[in-house]
Amino acid sequence: MSARVRVPDFSRLRVAVAGDLIADRYLFASPRKLSREAPVIVLRHERETLGLGGAANVARNLRVLGAETELFGLAGRDASGRELAALLEEERIGCECVLSLPGWVTPTKTRVLAAEPRRSAQQVLRIDREPAEPAPAAKCAEIARRLRARAAGFDALVVSDYEYGLVGEELGELAREWAAAGRVVVLDPRRALEPFRGISALTPNVGELARFTAAEPARLDDPAALARAARELLARTGVRWLLVTRGNQGMALFGEGLAQAGLFVPASGSGEVTDVSGAGDTSAAVFALALAAERPAFEAMQLANAAAGVVVLEHGAAACTRAQLERALGAAARTRTGSR
């Protein structure tokens, strides 16, 4: 792993993304005074932005790195759903298979960020607007049918589960078929694991790995304990690789072609983390892209780690460009050289 990892040409790849779409709304404000009505700070509204979250953010990360991308999911006919659709078109992400559902509430995370002038904004509140019921079974089946009908046109599939009901048996059956045919299939999991047995990779964070294996999250700070939990999940799911994102401790990779102890890399970048929102989306997207570009899994992890180190320096769910990824990899190589 001493040689510098190069960024492959992703422009020849076409990747499908299926899963839960989320609208990330950011409300920026400045503190004014203490309220007379309650012991709270009064904030003055300055501006609002809306970004792509969940599966939509995965698709954006793929598109920014040059891959052709088609998104499969659900959006409501509410304001957030309409704004999401406009953003997807603006980003040139294929969205004709995003079904518009009357009465469905587009999952929306509203984050309130506040700061005095010339200071970095900090998140002070998050409000989630969510559907009252899981995604309708008939719509889940329709999305799977549409994806199957277009299967021949894709090199890889990324499934993004945010527990809104879209990711289940229908998508899992299709994912198993693709994996059996030798295609790259990556699941960023929250709940559904059993339907995705035998796919290329899972990309849980440490907390999710702990939940899947009934381990105590704090104990997984120990590399040996983490490796034991990873081996347990690999045996249970039959996937080829398990990429575990570890926050400020970097990433760990387990599975095919690797020692049982796994392979660990420290967190990329030296800047102060601004916002971890969407870093998991970036990791899953870049890991899948690199595998689809026929790079070894350990190189795919290094690419994903470098990209995640870029996006956490920005507010909101961000995407890493090719130029940013190349700079991050160059910085990582210089750091390794200097440490010897």
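Worth saying up front: this structure is predicted, and the values here are computed from it rather than measured.

Undergrad: Which residues make up the overall build of the chain, and what are the values?
TA: Along its length, the chain carries nine helices and 13 strands. Here the chain has a C-alpha radius of gyration of 20 Å; the compact-globule value for 340 residues is 20 Å, and the two agree. Over its C-alpha atoms, taken along the principal directions, the chain stretches across nearly 65 × 55 × 40 Å. Buried residues in the chain amount to 54% of all 340 residues. Across the chain, every contact between residues at least 6 apart in sequence was considered, and the portion connecting residues at least 24 apart equals 68%.

Undergrad: Could you give me a rundown of helix α6 (residues 223-237), with the residues and numbers involved?
TA: With 15 residues, α6 should cover 21 Å at 1.5 Å per step; its first-to-last C-alpha distance of 21 Å lies within 8% of that length. Among the residues of α6, those classed as buried are Ala225, Leu226, Ala227, Ala229, Ala230, Leu233, Leu234 and Thr237. Where α6 is buried, its residues touch β10 (201-202), α5 (206-213), β11 (241-245), β12 (251-255) and β13 (263-265). Of the residues trailing α6, Gly238 is marked for its positive phi of about 70°.

Undergrad: Describe the sheet that holds strand β6 (residues 108-114), naming the residues involved and giving the relevant values.
TA: Hydrogen bonding along the main chain pairs the strands of a sheet, whether they run parallel or antiparallel. Pairing within the open sheet is mixed, and its four strands lie in the order β3-β2-β6-β7. Of all strands in the sheet, those bounded by a partner on one side alone are β3 (41-54) and β7 (122-129). Neighbour to neighbour, the strand axes of the sheet diverge by 20° on average, direction disregarded. The strands touched by helix α1 (residues 55-64) are β2 (21-34) and β3; relative to β3, the strand with the most contacts, the crossing angle is about 65°.

Undergrad: I'd like a rundown of unusual backbone geometry, residues and numbers included.
TA: Positive phi outside glycine occurs at Arg92, with the angle close to 60°. Position of Arg92 among the secondary structure elements: in the loop between α2 (79-90) and β5 (94-101). In the Ramachandran plot, Ala214 falls in the positive-phi region, its phi being about 55° despite a non-glycine side chain.

Undergrad: I'd like a rundown of the packing of aromatic side chains, residues and numbers included.
TA: Within this structure, the stated rule accounts for three aromatic pairs. Taking 6.1 Å as the distance between ring centres and 80° as the angle between the ring planes, the aromatic pair formed by Phe72 and Phe154 counts as edge-to-face. In this pair, Phe72 sits in strand β4 (residues 68-76) while Phe154 sits in the loop between α3 (137-149) and β8 (156-160), placing the two residues 82 residues apart along the sequence. Its relative accessible area of 0% is what places Phe72 among the buried residues.

Undergrad: Describe in detail the side chain of Thr282, supporting the description with residues and values.
TA: Along the chain, the position of Thr282 falls in helix α7 (residues 279-292). A polar side-chain atom of Thr282 sits 3.0 Å from a polar atom in the side chain of Asn61. Once residues within four sequence positions are removed from consideration, Thr282 is found in contact with Asn61, Ala307, Ala308, Val311 and Ala318.

Undergrad: Please give an account of the side chain of Asp161 that cites residues and values.
TA: By the element assignment, Asp161 lies in the loop between β8 and α4 (169-180). In this structure Asp161 is buried but unpaired, with Arg191 as the nearest side chain of opposite charge at 5.1 Å. Setting aside anything within four residues of it in sequence, one finds Asp161 in contact with Asp20, Val167, Leu187, Asp188, Pro189, Arg190, Arg191 and Ala192.

What counts, and where the lines are drawn
- Residues numbered from 1 in each chain as written.
- Predicted model: local features only at pLDDT ≥ 70, side-chain atom pairs only at ≥ 80, totals over all residues.
- Heavy atoms only, no water.
- Helix = DSSP H or I, 4+ residues; strand = E, 2+ residues; numbered from the N terminus.
- Rg over C-alpha atoms; globule rule 2.2 N^0.38 Å.
- Buried < 20%, exposed > 50% of the residue type's maximum accessible area, 1.4 Å probe, protein only.
- Contact = heavy atoms within 4.5 Å.
- Expected span 1.5 Å × (residues − 1).
- Pairing = 2+ DSSP bridges.
- Axes fitted to C-alpha atoms, helices over the stretch in contact; angles between N-to-C directions.
- Phe/Tyr/Trp six-rings, centres within 6.5 Å; stacked < 30°, edge-to-face > 60°.
- Polar contact = N/O pair within 3.5 Å; in protein donor to acceptor, adjacent residues only side chain to side chain.
- Lys, Arg positive; Asp, Glu negative; His and termini not counted.
- Salt bridge = Lys/Arg side-chain N within 4 Å of Asp/Glu carboxyl O.

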